[in-house]
Amino acid sequence: MSTFLSTIDIPHWRILFERVQKEAYWKELLDQLAHDAQHHILYPPTDHIFKALELCPAHQTKCIIVGQDPYHGPRQAHGLSFSVPNGQKIPPSLRNIFKEYQSDLGFEEPGGGSLEVWAKEGVLLLNAVLTVRDGEPGSHQHWGWEKFTRAVIRFALEQSPDVGFICFGKPAEKLIKESLEGLEARPVVITTPHPSPLSAYRGFFGSKPFTTFNNKQLEKGREIVNWELPSSPQTSLF
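As the structure is a computational prediction, the values presented were derived from the model and not from experiment.

Peer 1: Describe the packing of helix 2 (residues 24-37) against helix 6 (residues 145-159), with residues and values.
Peer 2: Relative to each other, helix 2 and helix 6 sit at 130°, their axes nearing to 10 Å. Considering their axes alone, helix 2 and helix 6 lie oblique with respect to each other. Handedness of the crossing formed by helix 2 with helix 6: left-handed. Here helix 2 contributes Tyr25, Trp26, Leu29 and Leu33 to the contact with helix 6, which in turn contributes Trp145, Lys147 and Phe148.

This is the structure:
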């Protein structure tokens, strides 16, 4: 058995990990990652792979925002979808998210690229694939992470009555649809085009995902998210 990620202690998600560690795909995934780490630089750093889960307990989850895979450049990925550590250059998709955030909510421009405040507010910033090789986007797709992500989503739905979703783009929408198959749950699901420069002007700008999500949550009597991010420059420990 690979020792890669063999010790995972995230109390509020412990039951989830007890389940997935019994699955054959999990061992295969860890073995592949251990082998890949011998030959390539992987992102995010090992101690940040599950940062989204560490910062957002399952029973406190209000909203899940799904990304594709981590940023594949140095010092960008830190375990939260779309987020980068404060002090790092803000990637184009995140910059467009911030533009819509300002337009939708009327808040000032955030002072950094970290979305940790959202994570602590109950927003699970979950990538479909949690690792990637340096400079090779999509390099760890179809290794098993997608099965894990679906298990995370189902577990969050079990643990919290308030879970809803914001899907930026078709891949996120597809993953959420697959994750909800066979479940009685009828969560709020807000869908928009992806915020990347290639698609942001095809309906992402003006979609008002944050206020729409909160309004739909209120209609169902569920918890809403305080989306406000710090507007002053923030430092990062990363």
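What follows continues from the structure just given.
Peer 1: Break down the state of the cysteines for me, with residues and values.
Peer 2: In the structure shown here, the tally under the stated rule is 0 disulfides. Summary of cysteine pairing: Cys56 is not part of a disulfide, and the nearest cysteine sulfur, belonging to Cys63, is at 9.3 Å. Taking relative accessible area as the criterion, Cys56 reaches 0% and is therefore assigned buried. Not part of a disulfide, Cys63 finds its nearest cysteine sulfur in Cys167, a span of 8.9 Å. Residue Cys63 is classed as buried on the basis of its relative accessible area, which comes to 0%.

Peer 1: A description of the packing of aromatic side chains should follow, citing residues and the corresponding values.
Peer 2: Enumeration over the complete set of coordinates arrives at 22 aromatic pairs. Relative to Phe168, the ring of Phe82 lies with its centre 5.8 Å away and its plane at 75°, an arrangement referred to as edge-to-face. Linking Phe82 in the loop between strand 2 (63-67) and helix 4 (92-105) with Phe168 in strand 5 (residues 164-168), this pair joins segments that are 86 residues apart in sequence. Neither residue differs from the other here; Phe82 and Phe168 are each classed as buried.

Peer 1: Lay out the packing of helix 4 against helix 8 (residues 209-219) with the relevant residues and their values.
Peer 2: In the contact formed by helix 4 and helix 8, the axes pass within 8 Å of each other and the chain directions differ by 55°. The pairing of helix 4 with helix 8 is recorded here as oblique in orientation. Along its contact with helix 4, which presents Ile97, Glu100, Tyr101, Asp104 and Leu105, the element helix 8 presents Pro209, Phe210 and Thr211. Each residue belonging to the contact of helix 4 with helix 8 can be placed in one class, and the counts come to 5 nonpolar, 1 polar and 2 charged.

Peer 1: Would you mind going over the sheet that holds strand 2 in detail, with residue names and values included?
Peer 2: Each strand in a sheet pairs with its neighbour through backbone hydrogen bonds, running either in the same direction (parallel) or in the opposite one (antiparallel). With parallel pairing, 4 strands are arranged side by side in an open sheet as 3-2-5-6. Across the chains shown, the open sheet's two edge strands, defined by having one partner strand only, are strand 3 (123-127) and strand 6 (189-192). Strand-to-strand twist in this sheet, taken as the mean axis angle between neighbours without regard to direction, amounts to 20°. Here strand 5 runs beside strand 6; their pairing, made up of 4 bridges, is parallel. Within the sheet, the bridge partner assigned to Ile166 lies in strand 6 and is Ile190.

Peer 1: Describe the pairing of strand 5, listing the residues and the values that go with them.
Peer 2: Here strand 5 lies mainly inside the structure; 5 of its 5 residues are buried. With 4 bridges connecting them, strand 2 and strand 5 associate as parallel partners. Counted as the bridge partner of Val66 is Cys167 from strand 5. Regarding topology, helix 7 (residues 170-180) serves as the crossover connection from strand 5 to the parallel strand 6, and that connection is right-handed.

Peer 1: How would you summarise helix 2 if you had to cite specific residues and measurements?
Peer 2: The first and last C-alpha atoms of helix 2 sit 20 Å apart over 14 residues, in line with the 20 Å expected at 1.5 Å per residue. When helix 2 is considered as a whole, its buried residues turn out to be Tyr25, Trp26, Leu29, Leu30, Leu33, Ala34 and Asp36. The elements touched by buried residues of helix 2 are helix 1 (14-20), strand 1 (42-43), strand 4 (132-133) and helix 6.

Peer 1: Please give an account of the side chain of His78 that cites residues and values.
Peer 2: Secondary-structure assignment places His78 in the loop between strand 2 and helix 4. The exposure class assigned to His78 is buried, which follows from its relative accessible area of 2%. Separated by 2.6 Å, the side chains of His78 and Ser83 make a polar contact.

Peer 1: Could you give an account of the environment of Leu55, with specific residues and numbers?
Peer 2: Take Leu55: it is sitting in helix 3 (residues 51-55). A sequence separation of 65 residues divides Leu55 from Lys120, and the C-alpha atoms of the two residues are 5.6 Å apart. Once residues within four sequence positions are removed from consideration, Leu55 is found in contact with Leu80, Glu116, Ala119 and Lys120.

Procedures and definitions
- Residues numbered from 1 in each chain as written.
- Predicted model: local features only at pLDDT ≥ 70, side-chain atom pairs only at ≥ 80, totals over all residues.
- Heavy atoms only, no water.
- Axes fitted to C-alpha atoms, helices over the stretch in contact; angles between N-to-C directions.
- Helix = DSSP H or I, 4+ residues; strand = E, 2+ residues; numbered from the N terminus.
- Parallel < 35°, antiparallel > 145°, perpendicular 65-115°, else oblique.
- Left-handed = near helix turned anticlockwise from the far one by under 90°.
- Contact = heavy atoms within 4.5 Å.
- Disulfide = S-S within 2.5 Å.
- Buried < 20%, exposed > 50% of the residue type's maximum accessible area, 1.4 Å probe, protein only.
- Phe/Tyr/Trp six-rings, centres within 6.5 Å; stacked < 30°, edge-to-face > 60°.
- Nonpolar A, V, L, I, M, F, W, Y, C, P; charged D, E, K, R; others polar.
- Pairing = 2+ DSSP bridges.
- Right-handed = clockwise from strand over helix to strand, strands pointing away.
- Expected span 1.5 Å × (residues − 1).
- Polar contact = N/O pair within 3.5 Å; in protein donor to acceptor, adjacent residues only side chain to side chain.

The values are spatial; any link to function lies outside them.
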